[in-house]
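Understanding the architecture of this molecule
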2 protein chains.
Amino acid sequence: MPQNIEDIAKAAGVSRSTVSRVLNGEQYVSAATRERVMAIIEREGYTPNPAARALVTQRTQSVGVMIPHDLATVFDNPWYFPTLLQGVSDRTTQRGYAMLLWMGRSETEEDLIYRRITNNRLMDGMLVASATGDNPLVAHLLESGMPLVTVERPAAHADRISYVTLDNIEGARTATAHLIAQGRRRVGIITGALDNMDGLDRLVGYKKALADAGLPVQSDYVYTGNWDRPTGYLGAKALFERGADAIFASNDIMALGVLDAAAEVGLRIPHDVALVGFDDLPVTAEVGLTTIRQPLRQKGAAAIDLLLDLIEGRARGPQQIFLPTQLVIRQTCGAQPN
Amino acid sequence: MPQNIEDIAKAAGVSRSTVSRVLNGEQYVSAATRERVMAIIEREGYTPNPAARALVTQRTQSVGVMIPHDLATVFDNPWYFPTLLQGVSDRTTQRGYAMLLWMGRSETEEDLIYRRITNNRLMDGMLVASATGDNPLVAHLLESGMPLVTVERPAAHADRISYVTLDNIEGARTATAHLIAQGRRRVGIITGALDNMDGLDRLVGYKKALADAGLPVQSDYVYTGNWDRPTGYLGAKALFERGADAIFASNDIMALGVLDAAAEVGLRIPHDVALVGFDDLPVTAEVGLTTIRQPLRQKGAAAIDLLLDLIEGRARGPQQIFLPTQLVIRQTCGAQPN
DNA sequence: GTAGGGGCTGGGAGCGTTCCCAGATACCAC
DNA sequence: GTGGTATCTGGGAACGCTCCCAGCCCCTAC
């Protein structure tokens, strides 16, 4: 059934233009006509051809999303990507857009993907998740003038790019302050990788909490980790030796490593050492880990909201959004959950 | 820079048609002309407008993918969705297509998504992952005549739909036969939910292995589970009582439940009871579970290959593909890994 | 009565491609 | 020389929309 707007017009006894006006909810159509046209559209199950529409409006009503390879398949935190994407997808659908997804393959083939993305002009804007380092795609898109939002703060051009990220500093400050509030005074930190804003900001938050409490930052209480369980384990061993009575692990995975080390050495948590993590992975509820929850789904939704606002001209970039985190009190910090 | 094919034609001193022929790699263009046009295209960084192309060719070079809500966020097996999607994405990009992704939200709003999908004609075909029950979207698409492939065998219209799934029967048969080969004679099964082809087929494979070995199927060795850890635990308790010396758990999650039960009751695995699971979740390597590995990434790639072949007319549907599984021998079966 | 303006409608033009057909040229066989 | 065929090229038409402009009608104000 080769249905086009002209067929509908004929069936309704009106012109192409009128049907178009009804379709797009424009004014200057009499109520009677509008109703009649709507009825025909409904009856025929007609939907306008999006390609034709895109050709003239220069808008496709869809957005592109790029997920780097390591994010999608990372073993440690398999929840991250689906949950984020769910938030993205929900909001995209809600606001009447479709989502084009690219997932990075091997790094060597990322170039191909980048070219595909920039050549495919079937999208009105682009969301890039966790662009690490000096991502060439981000640079490209930035230059092309296409509306662009990244999830997490990009390493380069951060002031010229719109992004959505966590308030990492405040989250880490809260975690550390909570440990101090439990009476701990020798609070150590196992940082994430420090080539990365998340890692750096969480360290800043830690230091801030100490400063707020009038405690000095002791360099031997700062252990540089790498987000993974082994560095959590090693960091804990080191901090135990140096007499720490509390540890803020910059993510939950490393916090699990801390638990490993404590079990091995025979230290009791939270009695001997209190512990707070970061991320609120599902698995941490099982082990009673006190942690900082990040609103993953909202992060995706907020990023899409920003991108669509940029596309629709409701917002002007660059714009940065820092989402609040939440302290989730369980057993490892030694506080009574209230 | 409003670049269109006409601009390129003018710059190269040829006609629109010739540029189009070069762009599409058609014959009947002299080598000299082709080279000259290519050079201009390269220099100007020109790429044809996909909307205009789609308008006339009725092809968008993109495919839609629908992931139901519960699959994306399912707690038990968070690897499933990203890994499958990675396979889908890889192959899609490789073959020069883009991917439109929809993720189911709450079931109540699935209707909205379905309408969005069927209205959005910006795709040449549709991949539906794990359509459970009598999925209305599948029925819709089937009726619309749009090329359609599902991952996993659909519950309804299975003979009219192209799909890619595991060879569940053979996988389960292999698992069970392996237990028998270890000298076990009282082999029980904890099935998955039996409203579902995966669950049913794995039971069939189990029975087949018994028959092959000349062993009777005893109904009290068949425990109907529900894919989750608690039913694995309960099933194991029941089978232990009935004297089973081996258990085939229809998925790894339930196998973990079996380990829970064994630890509680004080049975040694594999000494007292041998155990084989199904899926090869990453976590199972840690606990030494012998299991059946399913090629998740290949599943996604195979589904896309089938879909694109259908779209491009290289294949004729409906077509069913059963992917082979692989026995991964670890500790819980009692065999020596070789 | 006439001018002016707002509500409503219709149709031409154009978006950037591909497809089809016509035409030009060159070559070959008879 | 002629007819036939293969190679190469150009331009009209069409894909299905939106946008713009013109025109109609009716109401109101002067």
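Scroll up to find the structure.
Described in the following lines is the structure provided in the data block. Remember, predicted model here, so these are calculated numbers, not experimental data.

**Describing the environment of S62 of chain A**
Residues and elements named next belong to chain A. For S62, the location among the structural elements is in strand β1 (residues 62–67). On the basis of relative accessible area, S62 is assigned to the buried category, the value being 1%. Taking C-alpha positions, S62 is 40 Å from L256, a pair spaced 194 residues apart along the chain. Not counting residues within four places of it along the chain, the set of residues in contact with S62 comprises Y97, A98, L100, L122, M123, D124 and G125. Polar side-chain contacts of S62 include one of 3.1 Å to the side chain of T60.

**Points about the protein's contact with DNA strand D**
The environment of DNA strand D is formed by 26 residues, the closest being I5, R16, S20 and Y46 of chain A together with S17 of chain B. Taken together, the sugar and phosphate atoms account for 61% of what DNA strand D places within 4 Å of the protein. At a separation of 3.0 Å, a phosphate oxygen of DNA strand D approaches a polar side-chain atom of R53 of chain A. S15 of chain B has a polar backbone atom sitting 2.8 Å from a phosphate oxygen of DNA strand D. Those elements that provide at least two residues to the surface near DNA strand D are α2 (16–23) and α4 (50–57) of chain A together with α2 (16–23) and α4 (50–57) of chain B.

**Structural notes on the protein's contact with DNA strand C**
As a matter of local geometry, DNA strand C sits amid 27 residues, with S17 and T33 of chain A together with I5, R16 and S20 of chain B nearest to it. Counting only atoms of DNA strand C within 4 Å of the protein, the fraction found in sugar and phosphate groups is 61%. One nitrogen or oxygen atom from the side chain of R16 of chain A is found 2.8 Å from a base oxygen belonging to DNA strand C. Taking S17 of chain A, its side chain carries an N or O atom lying 2.4 Å from a base oxygen of DNA strand C. Mapped onto the surface near DNA strand C, the elements with two or more residues apiece are α2 and α4 of chain A together with α2 and α4 of chain B.

**Thoughts on the sheet that holds strand β8 (residues 246–249) of chain B**
Hydrogen bonds between backbone atoms are what pair the strands of a sheet, whose relative direction is either parallel or antiparallel. Residue and element names in this part refer to chain B. In spatial order, the strands read β7-β6-β8-β9; together these four strands make up an open sheet with parallel pairing. Of all the strands in the sheet, just β7 (222–224) and β9 (274–276) have a single pairing partner and so form its edges. Geometrically, the sheet is characterised by an average inter-axis angle of 15° between neighbouring strands, direction not taken into account. Pairing between strand β6 (residues 187–191) and β7: three bridges, direction parallel. Following the sheet pairing, I190 is matched in β7 by Y223. Seen against the sheet, helix α9 (residues 168–181) touches β6, β8 and β9 and runs at an angle of roughly 165° to β8.

The rules behind these values
- Residues numbered from 1 in each chain as written.
- Chains lettered and ligands numbered in written order.
- Predicted model: local features only at pLDDT ≥ 70, side-chain atom pairs only at ≥ 80, totals over all residues.
- Heavy atoms only, no water.
- Helix = DSSP H or I, 4+ residues; strand = E, 2+ residues; numbered from the N terminus.
- Buried < 20%, exposed > 50% of the residue type's maximum accessible area, 1.4 Å probe, protein only.
- Contact = heavy atoms within 4.5 Å.
- Polar contact = N/O pair within 3.5 Å; in protein donor to acceptor, adjacent residues only side chain to side chain.
- Near = heavy atom within 4 Å.
- Pairing = 2+ DSSP bridges.
- Axes fitted to C-alpha atoms, helices over the stretch in contact; angles between N-to-C directions.

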